[in-house]
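# Coordinate analysis (summary)
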Amino acid sequence: LVPAGRASHDPVGALTSAGVIAMLEQGRAAFDWVVLDTPPAAVVPDAGLLNEQVDGAVLVVAAGRTSFDMVSRAVGAIGRDRI
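Each value, and the rule that gives it
In this numbering scheme, every chain counts its residues from 1 along its sequence in written order. Owing to the predicted nature of the model, reporting of local features is limited to residues with pLDDT of at least 70; listing and counting of side-chain atom pairs is limited to 80 or more, with chain, interface and lining totals taken over all residues. To get the side-chain values, all heavy atoms of the structure are used, and hydrogens and water are removed first. Helix and strand definitions here come from DSSP, where helices need a minimum of 4 consecutive H or I residues and strands a minimum of 2 consecutive E residues; each element is numbered from the N-terminal end. We call two residues in contact whenever any of their non-hydrogen atoms come within 4.5 Å of each other. Only four residue types enter the tally: Lys and Arg on the positive side, Asp and Glu on the negative side, with His and both chain ends excluded. Taken as the charge location is NZ of Lys, CZ of Arg, CG of Asp or CD of Glu. Every case where a carboxyl oxygen of Asp or Glu lies within 4 Å of a side-chain nitrogen of Lys or Arg is listed as a salt bridge. Each residue gets one of three labels from its accessible area relative to the maximum for its type: buried under 20%, exposed over 50%, partly exposed in between, using a 1.4 Å probe on protein chains only. What the arc measures is the spread of directions leading from the helix axis to the C-beta atoms. A helix is expected to span 1.5 Å multiplied by its residue count minus one.

Across its full length, the chain holds 4 helices and 0 strands. When the helices and strands of the chain are placed in sequence order, the string is α-α-α-α. In terms of overall dimensions, the chain has C-alpha extents of about 40 × 30 × 20 Å along its principal axes. Counting only contacts in the chain whose residues sit at least 6 apart along the sequence, the fraction spanning at least 24 positions is 60%. In the chain, 6 side chains carry a positive charge and 9 a negative one; their mean positions are 6 Å apart.

This is the structure:
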C-alpha cells in the first residue's frame, strides 16, 4: 500500500515521474500483481497517463447507472487492447 500523500500542484508530472516509474518497476519485480486504483478514466487523465506502465486494466462500471458515453470515453482513454 502506497498512500497518496499531499495533493500535487502537478499531478501529470507526478504520475509520469522517474520515481513513480521506478516504484512500479520495483513492485513488478517483487510481486505477482501490482494493482493501481485511479479516479474515473473518463473524467481525469490519471489512468491514461499510467497506461504505458501497466500490462492491463480493469474497467469497473455500474450497470444501469454508467452511461454508454462515459464507458466509451473511458475505453478511449485506456485503450481497448489494455482492458
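Now that the structure has been shown, we can carry on.
Glancing now at the pattern of salt bridges. Counting across every chain of the model gives 2 salt bridges. Here Arg28 ties to Asp55 by a salt bridge, and the two come within 3.6 Å at their closest N and O atoms. Taken as a pair, Arg28 in helix H2 (residues 18–30) and Asp55 in the loop between helix H3 (46–50) and helix H4 (68–78) lie far apart in primary sequence, 27 residues in all. You can call Arg28 partly exposed: its relative accessible area is 45%. As a salt-bridge pair, Arg73 and Asp69 come within 3.7 Å of each other at their nearest N and O atoms. Of this pair, Arg73 and Asp69 both sit in helix H4, separated by 4 residues, roughly a single helical turn. On the basis of relative accessible area, Asp69 is assigned to the partly exposed category, the value being 46%.

Quick look at H4 now. An α-helical turn contains 3.6 residues, so a residue and the one three or four places further along point in the same direction. Every buried residue belonging to H4 is among Ala74, Val75 and Ile78, and all of these are buried. For H4, the arc enclosing every buried residue in end-on projection is 100°, short of the 170-degree limit, so these residues lie on one face. Check the buried side of H4 and you find it contacts H3. Residue Gly79 follows H4 closely and has a positive phi angle near 105°.

Moving on, we come to H2. Its 13 residues give H2 an end-to-end C-alpha distance of 18 Å, which sits within 8% of 18 Å, the value for a rise of 1.5 Å per residue. Buried residues along H2 sit against helix H1 (11–15) and H3.

We now examine the environment of Val2. Looking at where Val2 falls in the secondary structure, it is placed in the segment before H1. Accessibility expressed as a relative area gives 58% for Val2, which makes it exposed.

This next bit is on the environment of Thr16. The residue Thr16 is located in the loop between H1 and H2 in this model. Sequence spacing of Thr16 and Ala63 is 47 residues, and the spatial spacing of their C-alpha atoms is 32 Å. Residues in contact with Thr16, not counting those within four places in the same chain, are Ile21 and Leu49.

Remember, this is a structural readout, not a statement about activity or role.
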